[in-house]
Amino acid sequence: MPTRYDASSTEQKWYARWEEALLFQPSPDGAKPVYTITIPPPNITGSLHMGHALCYPLQDLLGRYNRMQGKNVLVLPGQDHAGIATQSVVDKQLRKQGTSSAQIGRDKFVERVWEWRKESGDTILNQLRTLGCGFDWSRSRFTLDEKYAEAVLKVFIDWYKRGYIFRGKRVVNWDPKLQTSVSDIETLRETRRGKLYHIRYPYKDGSGDVVIATTRPETMLADVAVAVHPSDARYKDKVGKTLLLPLVNREIRIIADPYPDPAFGTGAVKITPAHDANDYQVGVRHNLDMPIILDPQARICLEGPYFGLERNEARKQVIYDLENQGFMVKIEDHDIPIVISDRSGEVIEPLLSEQWFCDQPALAKPVIEAVKRGEVKFHPARYERIFIEWMENIREWCLSRQLWWGHRIPVYYTEDGTHFAALTWEDAQAQAGDNKIVRQDEDVLDTWFSSGLWPFATLGWPEKTEDLERFYPTSCLVTDRNIINLWVARMMMMGYDLAGAKPFSDVMIYATVMREDGRRMSKSLGTGVDPMEIINTIGADALRYTLLSQTGENQELRYSERKTEEARNFCNKIWNATRFVLMNIEGPVSEPGSFTTVDKWLLSRLYQTEKAVRAAYDGYDIQSACQAMYKFFWSELCDWYIEVSKPRLNDPSAKGTPQWVLLQAVDSFLRMMHPVMPHITEELYSHLPIEGKSDFIMSAPWPKLPDSFDQPDSETEIERIFEVTRAFRALRAELDLQPIKTIPLVYVQGDLGGNESVFASQGWVVEVLQGRPTEGKFVSTTVQGIDIHLPISGLIDAEKELARLNKEEEKAQSDLVKIEARLSNPQFTERAKPEIVEKEHATLQALKDQLVKINERRKLFDQK
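Presented here is an overview of the structure given in this document. Throughout, residues of each chain are indexed from 1 in the direction in which the sequence is written. Thresholds applied to this predicted model are a pLDDT of at least 70 for local features of residues and 80 or more for the giving and counting of side-chain atom pairs; totals over whole chains, interfaces and linings are not thresholded and use all residues. Only hydrogens and water are set aside; all other atoms, that is, all heavy atoms of the structure, feed into the side-chain values.

## Quick notes on the overall build of the protein chain
A run of DSSP states H or I qualifies as a helix once it reaches four residues; a run of E qualifies as a strand once it reaches two. Both are numbered from the N-terminal end. From N to C terminus, the protein chain includes 27 helices and 29 strands. In this treatment the radius of gyration is a C-alpha quantity, and the globule benchmark scales as 2.2 Å times the residue count to the 0.38 power. In terms of C-alpha radius of gyration, the protein chain reaches 36 Å, well past the compact-globule figure of 29 Å for 864 residues. Seen along its three principal axes, the alpha-carbon backbone of the protein chain occupies a region of about 110 × 75 × 55 Å. A 1.4 Å probe rolled over the protein chains alone gives each residue an accessible area, and that area as a share of the maximum for its type sets the label: buried under 20%, exposed over 50%, partly exposed in between. A buried classification covers 51% of the 864 residues belonging to the protein chain. Between two residues, a contact is recorded if the distance between any of their heavy atoms is within 4.5 Å. Taking all contacts inside the protein chain whose residues are at least 6 apart in sequence as the whole, residues at least 24 apart take part in 76%. Surface exposure here means Shrake-Rupley accessible area, sampled with a 1.4 Å probe, where a residue is shielded only by the protein chains that are shown. Element-wise, carbon and sulfur atoms account for 48% of the exposed surface of the protein chain, whose accessible area totals about 39000 Å². For this count, His and the chain ends are skipped, Lys and Arg are scored as positive, and Asp and Glu as negative. A single reference atom marks each charge: NZ on Lys, CZ on Arg, CG on Asp, CD on Glu. Of the charged side chains in the protein chain, 107 are positive and 124 negative, and the gap between their average positions amounts to 2 Å.

Next comes the structure, spelled out in structure tokens:
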């Protein structure tokens, strides 16, 4: 073994060997229980970011762990065509080349996208390999694969025929720059400082007016009503009265509806159904007109003085006219929630638009019932309630996107506008009969529609393939909380309705990776951290441990360079300690006939650690698993057992037992840690001199430890000795007796249970005697019912120790005076937070205790 761990060479070597050995592919053994994950398909435009560096190793971890548990594991990778993101990338390339998608046309544009996909579309998949993700690349799928695309279109046709898909007008998220509707997941929400405009709407009969507050005065041009709550006494006799819409002079009515909040503003709300999703619902309930005053470029399309003005310019002109004509009551500063297009950065325009929609409320019902029955479990469990609340209030889904890249909607039209859903033009013509099909729908499907089929379409559905029979339903979905509504919900609706079963049994929601200061990571904001740079510097295993060791119930994870350094140090510790063990073992070691108490202690700690790690992995609490393994390896194995065992390892007659115990511990630890750190564990496992070893740790079974290892009494006994040893080490530290200084003699009063050698080796003592010194100076401490007496004659320079104690006393006294002065000041005790005052009192008492101890110690050295 090399003396130092080289992450780069180790990681590259083992990943290649795993692939060559086909370890990522499930075996044909039909008797094994199956464990399946279909990974969230990254966009073909994607490159690795910190969220990916957590998400995909989590799935790799689950696959490796369940493979070691004897299951037939399939972790199926692939990519999403990412309609908007990909079209935007290629659009930018065309602009740089002096052309545009409009100039080259749809067919040429789609050809260019396919060319780009061949050139650079697999970047992130190669980066996932660098992360050590053991996915079955032979089954990798793409949402525009021919067979996959055919499945997508068949679903559309099926749901269309069953009435779940229809064309209609609804308010959608419209991106004026990209010229398409977008889903919620493709938007960002932020708060901006803006204005709240209070506008007077006069009654037609001249009896007064109603004041309306709005942040978007330009949309008043499309107002069709003013709504008040039915319970609002201020408007009880006003409902049904007619108002004159300012600037436009159009008549609108006051209506009663539950939507307005009587406590906000005047309690009256302008209703603009074509430009606000909530207003649209009001409009539907009251059968109101829905005029559109903004075109797809967000320009005023209403004939009149504002025609052609862009929405922001129109706002300025409307405000000016309202003020000049006396309709503006006041303008206030106001925080405004804004929806931004994630792809273009443009402010989203709620816009009434004719689109294709899906009846999600109908599809949601069986899913809600299944989740309530416990068929699908969420981890953390609190997300089940969030999911059900969303599903019980789910709305229609806008399926169509005004793009060229994606699954083109399989609807064909005749000259008179009659349309038919069909797989091909020929199929549509057959349905149309004598009416000639003249065009196909221009729109493509929302990317989430095709990715909703991912758990089963990747396995060959709708054909009854062998993979579909073996691996569906899948076992677990690992995903981000932000797409529960947009992706998890849709996979479940599609799974139950189309594949006839749940798409997965468990949903693990992983944490969002933040910067150390709590800011979100963003390339555009300059707060992102490139995982590839971390991997190139210290290795994938260290990065994996950094993130996975913080993953449990928490939903926010702080990344820091300090934690990554700690992870690298842990890798080095694992390497160096294993190397030390191997340097002290010549070959396979037979199980000894007897064990010392400290041997039993370590085997018992190994037993309890395996139990804890297995339970944590099964419960998706990776943080607890990592904590248990870290404590066992660094503290219990390295800091204690190895140190205690060194004298026996140097004794030919005694070394067999610690050698066997160390091999048991290292072998089991490496297998437990393998799902987290796959590369270093594979390398170290390959050097272990154990009989019956698997070709790879990746294909090795999970450690099964005998119940005889469970020795709680030995744990209690040794932990007591360690506590005594820690107290003695603390006493040494107080006297500035460094570990390199061996102490010839220590007296103890109390039963060490025959573990004097443990105490002596870890306290750096030559001889331990029972009793109490009868002569000379000594210092004492008591812990766990044991009195420890340390003779100090010849060990400590009394004059030097007195000088040290005097200096320590001087500082303590100075600190004491400051704290007493602070606590005697009413301005501090009355104004400071109670916990701060309490902390000061505790510090004061600690200083007093320290001074008492210093004086007691001084008396010892002042003795003649």
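The discussion continues.
## Regarding the packing of helix 2 (residues 50-68) against helix 19 (residues 597-618)
Axis definition: a line fitted to C-alpha atoms, limited for helices to the stretch in contact. Angles are taken between N-to-C directions and run from 0 to 180 degrees. Their axes nearest at 11 Å, the elements helix 2 and helix 19 cross at an angle of 125°. Considering their axes alone, helix 2 and helix 19 lie oblique with respect to each other. Viewed along their axes, helix 2 and helix 19 form a crossing whose handedness is left-handed. Touching Leu61, Leu62 and Tyr65 of helix 2 are Arg614, Tyr617 and Asp618, all from helix 19. Three residue categories are used. Nonpolar comprises Ala, Val, Leu, Ile, Met, Phe, Trp, Tyr, Cys and Pro, charged comprises Asp, Glu, Lys and Arg, and polar comprises the others, including Gly. When the residues that make up the contact of helix 2 with helix 19 are grouped by side-chain class, the tally is four nonpolar, no polar and two charged. Roughly parallel means an angle under 35 degrees; roughly antiparallel, over 145; roughly perpendicular, 65 to 115; everything else is oblique. Left-handed is the label given to a crossing in which the near helix is rotated counterclockwise from the far helix by less than a right angle, and right-handed is the label when the rotation is clockwise.

## With respect to the packing of aromatic side chains
Here the aromatic set is Phe, Tyr and Trp, taking the six-membered ring for Trp, and pairing holds for ring centres within 6.5 Å; pairs whose planes are under 30 degrees apart are stacked, those over 60 apart are edge-to-face, and all others are tilted. Under the defined criterion, the tally for this structure stands at 34 aromatic pairs. Aromatic side chains Trp114 and Trp405 sit 5.2 Å apart centroid to centroid with 75° between the ring planes, which places their arrangement in the edge-to-face category. Here Trp114 is found in helix 4 (residues 101-120), whereas its partner Trp405 is found in the loop between strand 17 (400-401) and strand 18 (411-414), with 291 residues between them in sequence. When its relative accessible area of 1% is taken as the criterion, Trp405 is described as buried. A centroid spacing of 6.0 Å and a plane angle of 90° characterise the contact between Trp159 and Phe449, whose relative ring orientation is edge-to-face. Pair noted here: Trp159 is in helix 6 (residues 146-161) and Phe449 is in helix 12 (residues 447-451), with a separation of 290 residues, a long-range link.

## Looking at the pairing of strand 27 (residues 765-770)
The sheet contact formed by strand 26 (residues 743-749) and strand 27 spans five bridges and is parallel. Each residue of the ladder has a partner; that of Val746, found in strand 27, is Val768. Read as a crossover between parallel neighbours, the route from strand 26 over helix 24 (residues 756-763) to strand 27 is right-handed. If DSSP finds at least two bridges between two strands, the strands pair. Here is how to tell: hold the view so the strands point away, follow the path from the first strand over the helix to the second, and if it runs clockwise the crossover is right-handed.

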